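Commentary on secondary and tertiary structure
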Amino acid sequence: MRTFYAFHINEFYSSMYNDNPLKLYKILEELFYRRNYDKLNTYRLYKQVVIPFNKMLCNGYMTKKIRLCYEYFYDYQAHYLKKKEEHTKMVIGSIHIKILSDANYPIFFNNIHELDTDIFICDFDNRDYFWLDKIIKIYRQKEIPIVK
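All of the points below concern the structure found in this document. What you see as residue numbers is a count from 1 along each chain, following the sequence as written. Since the coordinates come from a predicted model, pLDDT governs what is reported: local features require at least 70, and pairs of side-chain atoms require 80 or more to be given and counted, while whole-chain, interface and lining totals use all residues. Remark: hydrogens and water are excluded; side-chain values derive from all non-hydrogen atoms of the structure.

1. Digging into the nonpolar core
Here, the term nonpolar core denotes a set of buried Ala, Val, Leu, Ile, Met, Phe, Trp, Tyr and Cys residues that are joined through side-chain atoms within 4.5 Å. Accessibility here uses a 1.4 Å probe with only protein chains present; expressed as a share of the type maximum, an area under 20% marks a residue as buried, one over 50% as exposed, and anything in between as partly exposed. Among the nonpolar cores identified, the biggest contains 21 residues, and M90, I97, I99, F109, I112, I121 and L132 are the most heavily contacted of them. Elements with a minimum of two residues in this core: strand 1 (2-8), helix 4 (55-66), strand 4 (87-92), strand 5 (97-101), helix 5 (108-115), strand 6 (119-123) and helix 6 (132-143). Counting residues in each nonpolar core, the second largest holds 18 residues, with Y5, Y13, Y17 and F32 among its members. Every helix listed is a DSSP run of H or I at least four residues long, and every strand listed is a run of E at least two residues long, numbered separately from the N terminus.

See the structure below:
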């Protein structure tokens, strides 16, 4: 089971760390582990790097996009997707979107990408990080053959 955190990075940090995501990951990792003992200052630093999500707007958007999927349900706190090959839970917070999944590429990534292009994904347990738009491009190229 993997735990992904999706952050909406502000334009300044996005342009600065677009080619060097390791430094951005280290900043977010420091803030993530620091929040347990210095909540007020951590929140202030988060607001410099991360643009907060509009929870109500994001929950409505996700519900509208996936509501026709029969394996999907929403309980006003979390979105659940249970398929044969994937079990995923997504919780939308104001600072980040938390996704618990047994897949390396959850289906919710496609919908999060439609919210904005400056989305940075971190898996702090496995020390994995990436810009979502770059992974979407790679994933789509593998899925749709360019040359026949």
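Text resumes after the structure shown.
2. Re the environment of I9
Within the secondary structure, I9 sits in the loop between strand 1 and helix 1 (11-16). Considered as a pair, I9 and Y46 are 37 residues apart in the sequence and their alpha carbons are 9.7 Å apart. Not counting the four nearest positions on each side in its chain, I9 is found in contact with S14, L24, L28, V49, V50, I51, D118, F120 and W131. Contacts are assigned to residue pairs with any non-hydrogen atoms lying within 4.5 Å of each other.

3. Some remarks on the packing of aromatic side chains
The pairing test for Phe, Tyr and Trp rings, Trp by its six-membered ring, is centres within 6.5 Å, and the orientation test on the planes gives stacked under 30 degrees, edge-to-face over 60, and tilted for anything in between. In this structure the tally under the stated criterion is 17 aromatic pairs. Pairwise contacts between aromatic rings join Y5, F7, Y25, F32, Y33, Y46, F120, F124, Y129 and W131 into one cluster.

4. Details of the side chain of H113
By the element assignment, H113 lies in helix 5. Look at H113 and you get buried, because its relative accessible area is 16%. Excluding residues that lie within four positions of it along the chain, H113 makes contacts with L132, D133 and I136.

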